[in-house]
Amino acid sequence: MSLKKYIDRIRPNFEEGGKLHAFKSVFEGFETFLYVPNETSKTGVSIHDSIDSKRIMSIVVISLLPALLFGMYNVGYQNYLAAGTLTTASFTEIFTFGMLAVLPKVIISYIVGLGIEFAWAQWKGEEIQEGYLVTGILIPLIIPVTTPIWILVIAIAFSVIFAKEIFGGTGMNIFNVALVTRAFLFFSYPQTMSGDSVWIAKNSIFGLGNTLPDGFTAATPLGQLGQNIIPTASLNDMFVGFIPGSIGETSIIAIAIGAIILLWTGIASWKIMCSVFVGGGIVAALFNIGGATDIPWYEHLILGGFAFGAVFMATDPVTSARTEIGKYIYGFIIGAMAVIIRVLNPGYPEGMMLAILLMNMFAPTIDYCVVQRNIAKRTKRTSK
């Protein structure tokens, strides 16, 4: 018996009146994950295009894979580099160690987040939505590799419930759920999210990797900059990604591959993406002229979470501006605010998270102002 025939055979058990009808949402979630539903809408249908939320989420996940895979390798690379054994380690050893360090966080992210979504859908008798498929992979990419699992579980549960579900679920949230998770971690457990001791995996796993001293530290380039130290990493290492940092945020090449996929498929807005870089570049150049920062303006665009935030976070269609002019304004202010926070707040060298969350809050206001401006212009034309 084929899987499709088996699903059709057991479906009556999950429908109204069936002995497992309480788990209808779970059944429908698995069925639509495996197959395209054969049901059709009967009234009130307006077709916009052929893509649905499941395809959008799948494409975004695919675009994140280069950053995830490189992040796994870089986790191993930094461990072996810190131990002085990099030259004797093979690619397989380095990558496998990094994968073993990162994969548990990805698995836990999906188990906790999807578990809450499934339970919430069952409780409210609603259809399970696909929004967490992207959030589940984003969260492990924007945290240090040393983040404890139990803390991650608490942060994910908080963000899914209070930043998403209470607003109505996928498509209704005001703030980016992954960034709310990171903000919760940063403000609730700052010792696990900042400082010089959180960026390098320090314990060997199944005989792979190296066990580093408990007091071992390694500052990120932005961390060094916050201490008024010129970053020691080369421009090439910054661009390729061989620097300490959050798991998926270090490689500009990997992020650029993801950006190309998102832009080529039309999933992300190039207006927002480009505006973030323009806003950050202009403000960084102005700070350079004023002597407020010690690194070239373009290094601000490739360090920390700036590029990752511009490509994968600022372009979130749910929490970003939706009017065409509003997208330019929204992206420009995010880039400008990120650099302003970095330069003017020595205690917080990474400003991308706060900049995006701040503009998530003001995105509806930007759209409202743009729409009202257009209405006023049209009214003025018709009154002549």
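Residues numbered from 1 in each chain as written. Predicted model: local features only at pLDDT ≥ 70, side-chain atom pairs only at ≥ 80, totals over all residues. Heavy atoms only, no water.

### Observations regarding the overall build of the protein
Looking only at helices and strands, the protein features 16 helices and zero strands. Counting over 384 residues, the protein shows a buried share of 48%. Long-range contacts, defined as pairs at least 24 residues apart, comprise 70% of the intrachain contacts of the protein with a sequence gap of at least 6. When the accessible surface of the protein is totalled, it reaches about 18,900 Å², and 65% of it is carbon and sulfur. (Helix = DSSP H or I, 4+ residues; strand = E, 2+ residues; numbered from the N terminus. Buried < 20%, exposed > 50% of the residue type's maximum accessible area, 1.4 Å probe, protein only. Contact = heavy atoms within 4.5 Å. Areas by Shrake-Rupley, 256 points an atom, 1.4 Å probe, with all protein chains shown as cover.)

### Here's the deal with the confidence of the model for the protein
Considering every residue of the protein, the mean pLDDT works out to 87; 86% of them sit at 70 or more. The spread of mean pLDDT over the elements of the protein runs between helix α2 (residues 24–34), the lowest at 61, and helix α11 (residues 252–264), the highest at 97. (pLDDT = per-residue confidence, 0-100.)

### Focus on the nonpolar core
Ranked by size, the top nonpolar core spans 97 residues in total, and within it Leu-64, Phe-308, Tyr-330 and Ile-334 carry the most contacts. Here this core takes 13 residues from helix α3 (residues 53–83), the largest share from any one element. If we skip the residues at most four places from it in the chain, Ile-334 touches Val-276, Ala-314, Met-352, Ala-355, Ile-356 and Met-359. (Core = buried A, V, L, I, M, F, W, Y, C linked by side-chain atoms within 4.5 Å.)

### Here's the deal with a positive patch on the surface
Taken together, the side chains of Arg-373, Lys-377, Arg-378 and Arg-381 make up a positively charged region of the molecular surface. Relative to the helices and strands, Lys-377 is located in helix α16 (residues 352–382). (Patch = residues over 30% accessible without salt bridge, like charges linked within 9 Å, V, L, I, M, F, W, Y side chains within 5 Å. Salt bridge = Lys/Arg side-chain N within 4 Å of Asp/Glu carboxyl O. Lys, Arg positive; Asp, Glu negative; His and termini not counted. Charge placed at Lys NZ, Arg CZ, Asp CG, Glu CD.)

### Notes on the packing of helix α4 (residues 91–124) against helix α6 (residues 149–162)
As a packed pair, α4 and α6 sit with axes 10 Å apart at the nearest point and diverge in direction by 35°. Considering only the axes of α4 and α6, their crossing is right-handed. The segment α4 lies against α6, with Pro-104, Lys-105, Ile-108, Ser-109, Val-112, Gly-113, Ile-116, Glu-117 and Trp-120 engaging Ile-149, Leu-152, Val-153, Ile-156, Ala-157, Val-160 and Ile-161. Across the contact of α4 with α6, the residue classes break down as 12 nonpolar, two polar and two charged. (Axes fitted to C-alpha atoms, helices over the stretch in contact; angles between N-to-C directions. Left-handed = near helix turned anticlockwise from the far one by under 90°. Nonpolar A, V, L, I, M, F, W, Y, C, P; charged D, E, K, R; others polar.)

### Describing helix α14 (residues 306–313)
Here α14 lies mainly inside the structure; eight of its eight residues are buried. Every buried residue of α14 is listed here: Phe-306, Ala-307, Phe-308, Gly-309, Ala-310, Val-311, Phe-312 and Met-313.

### Overview of the pattern of salt bridges
Under the counting rule described, the total for this entry stands at four salt bridges. A salt bridge links Lys-164 to Glu-117, with the shortest nitrogen-to-oxygen separation between them at 2.3 Å. Of the two residues, Lys-164 sits in the loop between α6 and α7 (177–188) while Glu-117 sits in helix α4, which places them 47 residues apart along the sequence. For the residue pair Lys-164 and Glu-117, the accessibility class agrees, reading buried in each case. Residue Glu-324 pairs with Lys-271 through a salt bridge whose shortest N-O separation is 2.5 Å. With Glu-324 in helix α15 (residues 324–344) and Lys-271 in helix α12 (residues 270–290), this pair connects stretches of sequence that are 53 residues apart. Residue Glu-324 is classed as partly exposed on the basis of its relative accessible area, which comes to 41%. A relative accessible area of 15% places Lys-271 in the buried class.

### Structural notes on the packing of aromatic side chains
Counted under the stated rule, the structure contains 16 aromatic pairs. Relative to Phe-242, the ring of Phe-70 lies with its centre 5.5 Å away and its plane at 40°, an arrangement referred to as tilted. Placement of Phe-70 in helix α3 and of Phe-242 in the loop between α10 (235–240) and α11 is noted, with a sequence separation of 172 residues between them. Ring plane angle 5° and centroid distance 6.1 Å describe the contact between Phe-91 and Phe-95, whose orientation is recorded as stacked. With Phe-91 and Phe-95 both in helix α4 and four residues apart, the pair spans about one turn of that helix. (Phe/Tyr/Trp six-rings, centres within 6.5 Å; stacked < 30°, edge-to-face > 60°.)

### Considerations on α11
Since the α-helix advances by 3.6 residues per turn, residues separated by three or four positions end up pointing in the same direction. Its 13 residues give α11 an end-to-end C-alpha distance of 18 Å, which sits within 8% of 18 Å, the value for a rise of 1.5 Å per residue. Buried residues of α11: Ile-252, Ala-254, Ile-255, Gly-258, Ala-259 and Leu-262, and no others. The arc that holds every buried residue of α11, seen down its axis, measures 160°, which confines them to one face. For α11, the exposed residues lying more than 90 degrees away from the buried face are Ile-260 and Trp-264. In this fold, the buried residues of α11 make contact with α3, α10, α12 and α14. A positive backbone phi angle near 75° is found at Gly-266, which sits one or two residues after α11. (Expected span 1.5 Å × (residues − 1). Arc of directions from axis to C-beta.)

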